[in-house]
Amino acid sequence: MNPITDIGGQLIPGLGITISILLASALFSYLMAFIAGLCRLSKNVFLRKFTGLYVEVFRGTSLIVQLFWFVYAIPILFGVNLGSNWSIGVIAIGLNYGAYLSEVVRSSILAVAPGQSEAATALNMTSFQKMRLVIFPQAVRMMLPEFANYTIQMLKGTALVSLISLNDVLYYGNILRSSNLSYAPLIYIVVLIIYFLLALPLILFSRKAEKIAKKGVAN
Amino acid sequence: MNGNYWSWERFADAFPIVLEGLGTLISVTISTFIFALLFGFVWTFLRRIKNKQINWIVTWLMEFIRSTPPIVQLFFIYYAWPVMPVIGVTLSGFASAVIGLGIHFSCYIGEIYRSGIESVDTGQWEAATALNLSTWDKWSKIILPQAIPPTIPMLGNYFIILFKEVPITSTIGVQGILFMANSYGAQNWAYIEALTIVGLILLALSYPSAVLIKKLEVKMNTRFDKNAAIQMNKGVTQQ
């Protein structure tokens, strides 16, 4: 077996799972973040408490525990079939980071200067118009850097799905290691480099997002 | 026994077994955090070197460690380090966990220190130079005492994040609560109760700490706001 390119070639089959899990769970978590973030700002006490519970439970425990729990406990406790381990991975990662990101959504909306909301009311906007035209465009800009950072965290989280027998990059790395132990250092370095290359666009975006965040926000 | 239903008996049966891992979880967390706090200074020091190339390398090395999965880093240290030529040594699961997660989190902590140091007023640096203080005195008596305390809530947050990350060390054989739950599950072919206990223990420990740190943050913010800074400057010059 010859170095880096060879090892890289053997890890590439895992990219599909890693990337598809990342994309799906990222989309799912963004959706959850907006739903939960807005629910926590709602006037309905029950809705607020319920989403509060969701956020605290998912932020208060580990992703790895949630992943195992979703695999073993959900089908038995609730009689729900979550489908393949792929969808379990997406749901667990999405719900976990959705909880973290909902706090970002909530705090960004609260951070929009109160004068903006008052001005929208003075202009006789409906509350939907106010959200869509005034609050959101400013709040979303502020959210961008944190969303990028958490997406990097999510990418790191996807490595855990190899533990629920999904064939991602780390899974192929582990297989390769068990047959060529002396190549272990090189194998894991290549695995790390693959993850880093996947994270790189997100890192660059998060740096740019910090500049975007400051533009066009009243304070 | 059959793990196809929830059983309170099994819950009671598994509880003491899972709890056996709590000591390990806490000791790994604390040792790792101490390691990360110390190693964080290394990064802060390296980033202050005024050489463009070194600065670039250090910045990207930190970025590399921060944005790659800690579980792969743990596997690297646990499985790959022993077979490295010359520098390779076999490390226990505990040592691998402390070093692996410690280095991972030190990259975050180094950045926190840096932000703390940068927020120290320039007048303080100038005053230290004007008083002809040695580099050691400048750092130990002027800069760090002002730079570090305001970062304590942020460090506390990372302590909790670390605490929740430690269960991944069960994959390299560290016998924390998750390891115990998985081995109980494998023996009895019933995972639900044991895994639920793990979740409850984590929640019971991390939620109150998070609330505590939020309170600390509010307290620190009032203490270290701009007016208070003037008071503090007086305190420093009196020494």
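Here, the structure is the one placed above.
A short tour of the structure in this document, coming up. (Residues numbered from 1 in each chain as written. Chains lettered and ligands numbered in written order. Predicted model: local features only at pLDDT ≥ 70, side-chain atom pairs only at ≥ 80, totals over all residues. Heavy atoms only, no water.)

1. A few points about the overall build of chain A
Now for step 1: When helices and strands are tallied, chain A shows 10 helices and zero strands.
Now for step 2: Traced from its N-terminal end to its C-terminal end, chain A shows the element sequence α-α-α-α-α-α-α-α-α-α.
Now for step 3: Principal-axis analysis of the C-alpha atoms places the extent of chain A at approximately 70 × 45 × 25 Å.
Now for step 4: At a minimum sequence separation of 6, the contacts of chain A that also span at least 24 residues come to 76%.
Now for step 5: When the accessible surface of chain A is split by element, carbon and sulfur atoms take 66% of a total near 10,300 Å².
Now for step 6: Positive and negative side-chain charges in chain A, numbering 16 and 7 respectively, have mean positions lying 8 Å apart. (Helix = DSSP H or I, 4+ residues; strand = E, 2+ residues; numbered from the N terminus. Contact = heavy atoms within 4.5 Å. Areas by Shrake-Rupley, 256 points an atom, 1.4 Å probe, with all protein chains shown as cover. Lys, Arg positive; Asp, Glu negative; His and termini not counted. Charge placed at Lys NZ, Arg CZ, Asp CG, Glu CD.)

2. Concerning the side chain of Arg 47 of chain B
Now for step 1: The topology assignment puts Arg 47 of chain B in helix 2 (residues 22-47).
Now for step 2: Ignoring sequence-local partners within four residues, the contact set of Arg 47 of chain B consists of Asn 55, Val 58, Thr 59, Met 62, Glu 111 and Arg 114 of chain B.

3. Let's talk about a nonpolar patch on the surface
Residues and elements named next belong to chain B.
Now for step 1: On the surface, Ile 26, Ile 30, Ile 34, Leu 38 and Leu 205 cluster together into a nonpolar patch covering about 420 Å² of accessible area.
Now for step 2: Residue contributions to the nonpolar patch peak at four residues, all from helix 2.
Now for step 3: Locating Ile 34 in the fold gives a position in helix 2. (Patch = residues over 30% accessible without salt bridge, like charges linked within 9 Å, V, L, I, M, F, W, Y side chains within 5 Å. Salt bridge = Lys/Arg side-chain N within 4 Å of Asp/Glu carboxyl O.)

4. Remarks on the environment of Val 58 of chain B
Now for step 1: Secondary-structure assignment places Val 58 of chain B in helix 3 (residues 52-66).
Now for step 2: Considered as a pair, Val 58 of chain B and Phe 41 of chain B are 17 residues apart in the sequence and their alpha carbons are 13 Å apart.

5. Here's the deal with the pattern of salt bridges
Now for step 1: For the structure shown, the criterion picks out 10 salt bridges over all chains.
Now for step 2: The shortest N-O distance in the salt bridge between Arg 59 of chain A and Glu 56 of chain A comes to 3.9 Å. You can see Arg 59 of chain A and its partner Glu 56 of chain A sitting in helix 3 (residues 45-60), three residues apart, about one turn around the helix.
Now for step 3: In this structure, the salt-bridge partner of Glu 118 of chain B is Arg 114 of chain B, at a minimum N-O distance of 3.3 Å. Of this pair, Glu 118 of chain B and Arg 114 of chain B are both found in helix 5 (residues 93-118), four residues apart, which corresponds to roughly one turn of the helix.
Now for step 4: Take Arg 114 of chain B: its relative accessible area is 25%, and that puts it in the partly exposed class. (Buried < 20%, exposed > 50% of the residue type's maximum accessible area, 1.4 Å probe, protein only.)

6. Some points on the nonpolar core
Now for step 1: Leu 170 of chain A together with Val 72 of chain B are the most contacted members of the largest nonpolar core, which totals 100 residues.
Now for step 2: Formed by eight residues, the second largest nonpolar core is a distinct cluster that contains Ile 117, Trp 139, Ile 143 and Ala 147 of chain B. (Core = buried A, V, L, I, M, F, W, Y, C linked by side-chain atoms within 4.5 Å.)

7. Overview of the interface of chain A and chain B
Now for step 1: Taken together, the 40 residues of chain A in the interface contact 39 residues of chain B.
Now for step 2: For the pair chain A and chain B, the summed buried surface comes to about 3,400 Å²; carbon and sulfur atoms form 78% of the total.
Now for step 3: Linking chain A with chain B are one salt bridge.
Now for step 4: Applying the counting rule to chain A against chain B returns 10 residue pairs in polar contact (both at pLDDT 80 or more).
Now for step 5: Counting only elements with at least two residues in the side of chain A that touches chain B, the list comes to helix 3, helix 4 (63-72), helix 5 (74-77), helix 8 (127-158), helix 9 (169-179) and helix 10 (184-214) of chain A.
Now for step 6: With 14 residues, the single largest contributor to the side of chain A that touches chain B is helix 10 of chain A.
Now for step 7: Split by residue class, the side of chain A that touches chain B holds 29 nonpolar, six polar and five charged. (Buried area = accessible area lost by both parts, 1.4 Å probe. Polar contact = N/O pair within 3.5 Å; in protein donor to acceptor, adjacent residues only side chain to side chain. Nonpolar A, V, L, I, M, F, W, Y, C, P; charged D, E, K, R; others polar.)

8. Here we look at the environment of Tyr 79 of chain B
Now for step 1: Looking at the secondary structure, you find Tyr 79 of chain B in helix 4 (residues 70-80).
Now for step 2: Note: C-alpha distance between Tyr 79 of chain B and Asn 221 of chain B (142 residues apart in sequence) is 44 Å.
Now for step 3: With near-sequence residues (within four places) excluded, Tyr 79 of chain B lies in contact with Arg 177, Ala 184 and Tyr 188 of chain A together with Thr 171 of chain B.

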